[in-house]
Amino acid sequence: QVQLVESGGGLVQVGGSLRLSCAASGSIFTINAGAWYRQAPGKQRELVASITKSGSTNYAESAKGRFTINWDSAKNTVYLQMNSLKPEDTAVYYCNVPHIPPYIYGSGIWGKGTLVTVSS
């Protein structure tokens, strides 16, 4: 059974940085596309960043210039580097890997989430 294991969340001060990791495990499984979503209390889950196997990326407006998504094919891991964090970035961050063509973000496998708290 394929699982996504997230790590890297925690408490950080405004302006600080965190790096989230999402590793696929449990089966022979190659990530072809990956994404990070987040859900703040009382809000809907939103797409933060996505990446394709070819390296094409997309970001939410709120993440542009501050967040970077990338992946390590050798480790089968997707990362989200978050810099210049703001209180409004506080949320549970979820990794998503659409593993069936056409690899639609929001489908496929989800991680359990990792909490990011930005204190002012």
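As shown above, the structure is provided for reference.
Owing to the predicted nature of the structure, the values given are computational and were not obtained by experimental measurement.

What's the story with the sheet that holds strand β7 (residues 67-72) in this structure? I'm lost.
Strand pairs in the sheet, formed through backbone hydrogen bonds, run parallel or antiparallel to each other. An order of β1-β3-β8-β7 is seen for the 4 strands of this open sheet, with the pairing classed as antiparallel. What marks the edges here is a single partner per strand, and that holds for β1 (3-7) and β7. Between one strand and the next, the sheet's axes are offset by a mean angle of 15°, whatever the strand orientation. Relative to strand β8 (residues 77-82), strand β3 (residues 18-25) runs antiparallel, the two sharing 6 bridges. Paired with Arg19 across the bridge in β8 is Gln81.

Would you mind going over the environment of Asp89 with me for this structure?
Among the structural elements, Asp89 can be located in the loop between β8 and β9 (91-97). Discounting residues that sit within four places of it in the chain, Asp89 has contacts with Arg38, Arg66, Phe67, Ser84, Val116 and Val118. A polar atom in the side chain of Asp89 sits 2.7 Å from the side chain of Arg66.

Mind showing me how you'd approach the nonpolar core here?
As a rule of thumb, nonpolar side chains are buried together in soluble globular proteins. Counting residues in each nonpolar core, the largest one holds 26 residues, and the members touching the most others are Trp36, Phe67, Leu80, Met82 and Tyr93. Sorting the residues of this core by element identifies β3, β5 (46-52), β7, β8, β9 and β11 (114-119) as the ones contributing at least two each.

Reading guide: rules and limits
Residues numbered from 1 in each chain as written. Predicted model: local features only at pLDDT ≥ 70, side-chain atom pairs only at ≥ 80, totals over all residues. Heavy atoms only, no water. Pairing = 2+ DSSP bridges. Helix = DSSP H or I, 4+ residues; strand = E, 2+ residues; numbered from the N terminus. Axes fitted to C-alpha atoms, helices over the stretch in contact; angles between N-to-C directions. Contact = heavy atoms within 4.5 Å. Polar contact = N/O pair within 3.5 Å; in protein donor to acceptor, adjacent residues only side chain to side chain. Core = buried A, V, L, I, M, F, W, Y, C linked by side-chain atoms within 4.5 Å. Buried < 20%, exposed > 50% of the residue type's maximum accessible area, 1.4 Å probe, protein only.

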